[in-house]
Amino acid sequence: MADRGPAIGIFDSGVGGLTVFAQVAQRLPAESIVYLGDTARVPYGTKSGDTVLRYAIGCTDVLVARGIKMLVVACNTASAYALDVLPEHLDMPVLGVIEPGAKRAVDLSRRGRIGVIGTASTIASRAYDKAILRMAPNAKVFSKPCPLFVPLAEEGWVEGPVPRQVAAAYLDELLQNDIDTLVLGCTHYPLLKDIIAETAGTDVVLVDSAEATSQAVADTLAGLSLEREQKGPPEYSFLVTDAPGNFGRIGERFLGRPISPIEWVDVSNA
Ligand code: DGL
């Protein structure tokens, strides 16, 4: 087999992080990627910080054992609770989705009124608020958990009256606060971008954390001269912690391409 060089490791609680995979693969088409979806323990977005941290360490161990050159925490909830801790244990660059998303929001916001939507645990962590206020101390951050967007995205209910009503109910308070920028702070929300944009209106700029993260991955690899040198196509590997069936079926919609092979891995000791 051709030596494809070390891959970028990406993990998420399940299929959602494939939105980050898709952005990274699009921006860095030469890079090999190994993706881990912790499908046995999804969702992370309803769990406590301690539990999410423990799961994130387990996922990291699996990917590090695969010889990755860089770790990307695609899950917003895991980024919120684990990103302060993971880099201490690793001898490689580690990126989450929150800093890149927050930075993009600060750069794009015209009036410093920034909305953030995410899972209940991400919003409870206030990780986006803290990151935004670190970069722009005068900004006003308004956040709102939007848990129903996750099952809607997984069910493929991304258009029509049901997601429209859900979006209207969730975004109402943020829009009343006159936000000018809205961070999609969850892996699943890019699938609902059209409905969210329609509900938020043309005055609100949407920030896709997945897209912002792919730029940060590219910058980090370039800055550390870690880009792939080998010729030939990249290799994509997909690992899951539960049976592969649903991951493959739902994940194809998130990734926009077929997913195979899918390998089961054990995180029972994590
Ligand atoms: N991946 C999670 C996130 O971005 C959403 C799904 C979950 O709750 O695990 O926060």
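Residues numbered from 1 in each chain as written. Predicted model: local features only at pLDDT ≥ 70, side-chain atom pairs only at ≥ 80, totals over all residues. Heavy atoms only, no water.

1. A look at the packing of aromatic side chains
All told, the structure shown has 7 aromatic pairs when counted by the stated rule. Aromatic pair Phe149 and Tyr170: ring centres 5.2 Å apart, planes at 85°, arrangement edge-to-face. On the criterion of sequence distance, the pair formed by Phe149 in helix 8 (residues 149-155) and Tyr170 in helix 9 (residues 161-176) is long-range, its members being 21 residues apart. For the pair Phe149 and Tyr170, one class covers both residues: buried. Plain terms: the ring middles of Phe149 and Tyr189 are 5.2 Å apart, the flat faces sit at 85° to each other, and that makes the pair edge-to-face. Here Phe149, found in helix 8, pairs with Tyr189, found in the loop between strand 7 (181-185) and helix 10 (193-200); they are 40 residues apart in sequence, far enough to count as distant. We note that Phe149, like Tyr189, is buried. Three or more aromatic residues joined by ring pairs make a cluster, and in this case those are Phe21, Tyr35, Tyr236, Phe238 and Phe247. (Phe/Tyr/Trp six-rings, centres within 6.5 Å; stacked < 30°, edge-to-face > 60°. Helix = DSSP H or I, 4+ residues; strand = E, 2+ residues; numbered from the N terminus. Buried < 20%, exposed > 50% of the residue type's maximum accessible area, 1.4 Å probe, protein only.)

2. Description of the sheet that holds strand 6 (residues 140-145)
Taken together, the 4 strands give an open sheet; going across it, the order is 6-5-7-8, and neighbouring strands pair in parallel fashion. Edge positions in the open sheet fall to strand 6 and strand 8 (205-208), since each of these has one partner strand only. When the angles between neighbouring strand axes are averaged without regard to direction, this sheet yields 20°. Where strand 7 and strand 8 come together, 4 bridges link them in parallel fashion. By the bridge assignment for strand 8, Leu182 is matched with Leu206. Contacts between helix 11 (residues 209-223) and the sheet are confined to strand 7 and strand 8, with strand 8 contributing the most and set at about 55° to the helix. (Pairing = 2+ DSSP bridges. Axes fitted to C-alpha atoms, helices over the stretch in contact; angles between N-to-C directions. Contact = heavy atoms within 4.5 Å.)

Everything listed here is a matter of geometry and, on its own, says nothing about what the molecule does.
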